[in-house]
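Listed below are the residues making up each chain.
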Amino acid sequence: MVATASTVLAAGGEGHHVDSGVLLKDFLYRLFNFAVTFGLLAYFVTKPIRKGLSGRKEGIEKSLAEAKAAQEKAEAKFAEYDDKLTKASAEIDDIYAAIKREGELERERILANAREMALKIEEEAKKSAALEVAKARIELQREASDMALKVAEELLKKNFNSNDQNRLVDEYMKKVGELH
């Protein structure tokens, strides 16, 4: 303002001589007018500006509070999902271990069944072999007895004559007669 007034005073000095007292009054009047206008503007404008700034401040604080609440909520969700993920990983590990244990138990059961079946097959093979040996013995005994009968028959045919036959018949009759 002062610089503007000085410029006006310097520019207005050509041809007209103006009293410096008038200029000072004019300057002071303008300065007073400016101060009143600025004061009135400040009085009427500062309240809405303050309200606007305070509203803006409250809006920013509210936005910050909402952002902080959203962040806390997101962190809680993250912690929850992280916990669920950790539990799911542990559960997957438990399931894997259980499946592995069941697989081992099934393997052992299958091996035990195979051993049992092998023992049964071995026992059946032994029984079958013993049965075959017994059949072979019986067959050998039968063949031996057949051969012995044939040999005895041939010997009897060769060595047995009619005198021997008569003698055997007589002996047999005597024995039958004594029994009665």
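This one's a predicted model, so the numbers in the text were calculated from it and none came from an experiment. (Residues numbered from 1 in each chain as written. Predicted model: local features only at pLDDT ≥ 70, side-chain atom pairs only at ≥ 80, totals over all residues. Heavy atoms only, no water.)

Comments concerning the pattern of salt bridges
Part 1: With the rule as written, the count across this model stands at 11 salt bridges.
Part 2: The residue Arg142 makes a salt bridge to Glu139 at a minimum N-O spacing of 2.4 Å. Taken together, the residues Arg142 and Glu139, both in helix α2 (residues 20-159) and three residues apart, mark about one turn of the helix.
Part 3: Between Arg142 and Asp146 there is a salt bridge whose closest N-O contact spans 3.6 Å. Taken together, the residues span about one helical turn, with Arg142 and Asp146 both in helix α2 at a distance of four residues.
Part 4: Looking at Arg142, the relative accessible area reads 42%, which means it is partly exposed.
Part 5: Among the charged side chains, a network of salt bridges with common partners joins Glu104, Arg107 and Glu108. (Salt bridge = Lys/Arg side-chain N within 4 Å of Asp/Glu carboxyl O. Helix = DSSP H or I, 4+ residues; strand = E, 2+ residues; numbered from the N terminus. Buried < 20%, exposed > 50% of the residue type's maximum accessible area, 1.4 Å probe, protein only.)

Side note on the UniProt feature "coiled-coil region" (unreviewed entry) in the chain
Part 1: With numbering aligned to this structure, UniProt lists the feature "coiled-coil region" (unreviewed entry) at residues 57-91.
Part 2: The span residues 57-91 shows a helical share of 100% and a strand share of 0%, and its end C-alpha atoms are spaced 50 Å apart. (UniProt positions renumbered as here; feature names shortened; annotations may be inferred.)

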